[in-house]
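Inside the fold
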Amino acid sequence: MGGGFVGSHEQDGRQVTEDVGTNVSNGAADLVRARNQLLEGGLPRNPRLDAESLRSALVDLFELWLTTKGTELGITHDSGLAVVAVGGLGRKEMLPYSDLDLVLLHDDVDPARVAEVADQLWYPLWDAHIKLDHSVRTVPQALRVASGDLIAALGMLETRHIVGDMELSNLLIGGVRREWRTGIRSRFDELIEQAETRWQRSGAIAHRAEPDLKNGRGGLRDIQLLDALAIAQLTDAMPGLGPDVPGGGLKQAHRRLLDVRTELHRVAGRARDQLRAQDADEIGAALRIGDRFDLARTLSDSARTVSYSVDVGLRTAANALPRRGLARLRRMPVRRPLDEGVVEHAGEVVLARDARPQRDPGLILRVAAASAQTGLPMSATTLNRLSEDAPELREPWPKDALNDLLILLGAGRGAIDAVEALDRTGLWGRLLPEWGAVRDLPPRDALHTWTVDRHLMETVAYSSGLSTRVARPDLLMLGALLHDIGKGRAGDHSVVGAELATHIGRRLGLWPSDVRTLSAIVRHHLLLPDTATRRDLADPATVQFVVDALDGDVQLLELLHTLAEADSLATGPGVWGDWKASLIGELVRRCRLVMAGDQLSKPEPIAPELLAKAAAGGVHVDLRPGEGKYIYTVTVIAPDTPGLLSDAAGVLALHSLRVLSATVGSEGASAINTFVVSPKFGDPPDVGLLRQELIRATAGDLDLHALLAKREREATGAGPSPYAQAQPRVIWSATPTGHVVLELRAEDRIGLLSRLAAAFAECGADVRWAKVVTMGSAVVDAFGLDLVEDTSQRRETIEKAILGVVPRPAPKPPEGAGPPGSATTS
């Protein structure tokens, strides 16, 4: 029987299985009770088995029941009958609620006898509600199924004898594996196509908020794929990744994925492959990994190790496939030189025959740069040899090594795969030890698509496409690589990262002035986007604040401007757009003027005809094209009454105009509110219609709140969810001139600005200007406020009113209750 109990778990687990073995005559009910006992605890000395011990105990449990039941039914070594297991039990990876996949083999046995045995074997399991995938076949029948169905063939490769005629089981196991080896050439393309379809459907585990641990890219199915290639004798099931591989290599990654999936079954109380966000903290704690962020980091590391191993395995297998026909007559692949000591061979980047890694510390970067530039993968053998033989680069780095690093980083998206391969084999951490703190680090912000290390490489890739905008593309590439290097450590990541960038710059051999610039890039990489989207650009003090922070360095301003775009593009969809680009561009333009000693241009005065309308009184709406194809400026002139900003923003929202910014002004008794808007689709509505509905709204004849709620219900199909994924956050600050700024970070909803303006009005807070930046489903809104009385109590009142109109996460249900909206809640 399968063993594997750890310490004092062994005796308790065996006692449970032995109890089942003595009560098989009672059907499978005792099997279910024993499984539940293992899951729930209750063992004398160890109330809870760890994940690995639980799997081992479940294997023992099911094997004992099957062998005992099989013996009872006459399935013996000379009976012509055998029971074999595939799936989890076949792999000895039995999870709490895994299906039981069994095949009853028979050889020249009376069909009535076979049917009787099958019924007596399957029915107790069905009666106990154990999920059973079963079949009854002869060995030739089973082999025919495997030869015609790829999925069935992959499953039968995991076949393991349980009870009965072992020679019969061995005939099947040997036959399936023999046919798999001889037929792999004709099935290899289908195998790859099946895997790619699965990856496309399930996504990559490393970058999914709720990953599919079984079918996702880097999951357990991929490890089974490697095993299948190894059985075909095309590759090693556990390829070596080098002595410094992070995370412990493929074997450790496999165990971690199994452990998480085991605990997922235990928490869910049923078979489940997708890790839900609400279960992550509990699973992380059960495995003693930490919270959901620690669990996400562990999964990312494991999945990326598996993904890299599969890439290597598939390439190795493709190169190992026997050639037939005319292909056998072709000459051996030519070794094409790529760089000193680096050549292309058989579609991979490999070392030249005369390369001497022990004496050439820069060889790692030359190999990686050649891979990034050509798009060819680095040979696993080459990487392993470099891991074992290449010495450390001396500090400061030789100029050639720095140049090769810049070539690597400037290769666009090719750099991502090259650095990933270096990282999975421990070589990247050798070149950049600081990388360990950000490796597989999950983002804390829902806007971010990637782990921090992958985000850095995505930023590098986008920066390479923008490098001609700057005079120092080398510093742009290095700044992109290091701008978030301070994350994963205590303190402000920009401050911590700037200090790390100084040390790294010196190590790379940069000039002292370039080291200072690199450090400043990292320190101030958020300065432009934060200022442009959260401060009043018309305020000269705002521009002077940025100029002072950069010490008037025009080159640094240029680098930060380009990095801001690359960083936003690498964050996720919707983070960079025309509006954000125009805001940062305007801030940079104003900063350049000040740095050049010129005076800032004054804001354009309100058009005389609009001033005349304000002086005359009444309600007026003006709409003009703005700076951009889909941007317009709407000016609303109306009697200056409380709630006007809310009414105007609500009318704009009703007509699908997304407000990007708002400025509040006045002339006499009239308010002059200016909105920069962008239609969600089509052209903007007629100004006459906007004016008419604004009049109705200010007169109280148009229930904006009800109409916005209705529009929200129509947009969501079944009514708006009041819940969000992340908690909203309010941040208070002051401008250089002393005005109060309230920044809101929350999830968006239809008419949010209107609701927020109404909340400000109810609290008696005057909004002087507003900037609304929408990034996907999230918003970062900044409001310049005039507060007659700025006290902590006053701020608390305003904050409470603001949080009352934004989406918030659902409250946790009480113990034993279902999720909000389920049948268990009222």
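Here's a quick rundown of the structure. (Residues numbered from 1 in each chain as written. Predicted model: local features only at pLDDT ≥ 70, side-chain atom pairs only at ≥ 80, totals over all residues. Heavy atoms only, no water.)

1. Overview of the pairing of strand E13 (residues 740-747)
Stated formally: With a 1.4 Å probe rolled over the protein chains alone, any residue whose accessible area is under 20% of its type maximum counts as buried; one over 50% counts as exposed, and the rest are partly exposed. Think of it this way: any DSSP run of H or I at least four residues long counts as a helix, any run of E at least two long counts as a strand, and we number them from the N terminus. Two strands qualify as a pair provided that DSSP identifies no fewer than 2 bridges between them.
Burial within E13 is extensive, with seven of its eight residues counted as buried. Of the strand pairs in this sheet, strand E12 (residues 729-734) and E13 are connected by six bridges, and their pairing is antiparallel. Looking at the pairing, tryptophan 732 lines up with leucine 742 of E13. As paired strands, E13 and strand E15 (residues 778-786) are joined by eight bridges and run antiparallel to one another. Among the inter-strand pairings, valine 741 is bridged to a residue of E15, identified as glycine 784.

2. Observations regarding the nonpolar core
For the record, the criterion: Residues belong to one nonpolar core when they are buried, are Ala, Val, Leu, Ile, Met, Phe, Trp, Tyr or Cys, and are joined through side-chain atoms within 4.5 Å. For this analysis, residues touch if any pair of their heavy atoms sits within 4.5 Å.
Ranked by size, the top nonpolar core spans 90 residues in total, and within it Met378, Leu405, Leu408, Trp428, Trp435, Leu481 and Leu482 carry the most contacts. Dropping the residues within four chain positions of it, leucine 482 is found in contact with Leu432, Ala501, Ile504, Leu518 and Val522.

3. Focus: the packing of helix H6 (residues 139-148) against helix H8 (residues 166-202)
Put simply, the rule reads: Convention adopted: a line fitted to C-alpha atoms gives each axis, helices being fitted over their contacting stretch, and angles between N-to-C directions are expressed from 0 to 180 degrees. Roughly parallel means an angle under 35 degrees; roughly antiparallel, over 145; roughly perpendicular, 65 to 115; everything else is oblique. Each crossing gets its handedness from the near helix: less than a right angle anticlockwise from the far helix is left-handed, clockwise is right-handed. By the convention adopted, Pro, Cys, Tyr, Trp, Phe, Met, Ile, Leu, Val and Ala count as nonpolar, Lys, Arg, Asp and Glu as charged, and the other residues, Gly among them, as polar.
The geometry of H6 relative to H8 is characterised by a closest axis approach of 10 Å and an angle of 25° between their N-to-C directions. Put simply, H6 runs roughly parallel to H8. For the crossing formed where H6 meets H8, the hand is right-handed. Contact with H6, carried on its side by Val139, Ala142, Leu143, Ala146, Ser147 and Gly148, involves Leu168, Leu171, Leu172, Gly175, Val176, Glu179 and Arg187 of H8 and no other residues of that element. By residue class, the composition of the contact of H6 with H8 is eight nonpolar, three polar and two charged.

4. Examining unusual backbone geometry
Omega for the bond connecting glutamate 395 with proline 396 falls within 30 degrees of zero, at -5°, which places this linkage in the cis form. Position of proline 396 among the secondary structure elements: in the loop between helix H14 (380-389) and helix H15 (399-409). Its identity is not glycine, yet arginine 288 carries a phi of approximately 60°, on the positive side. You can see arginine 288 is positioned in the loop between helix H11 (277-286) and helix H12 (292-320).

Note that every value here comes from positions in space, so none of it alone points to a role or purpose.
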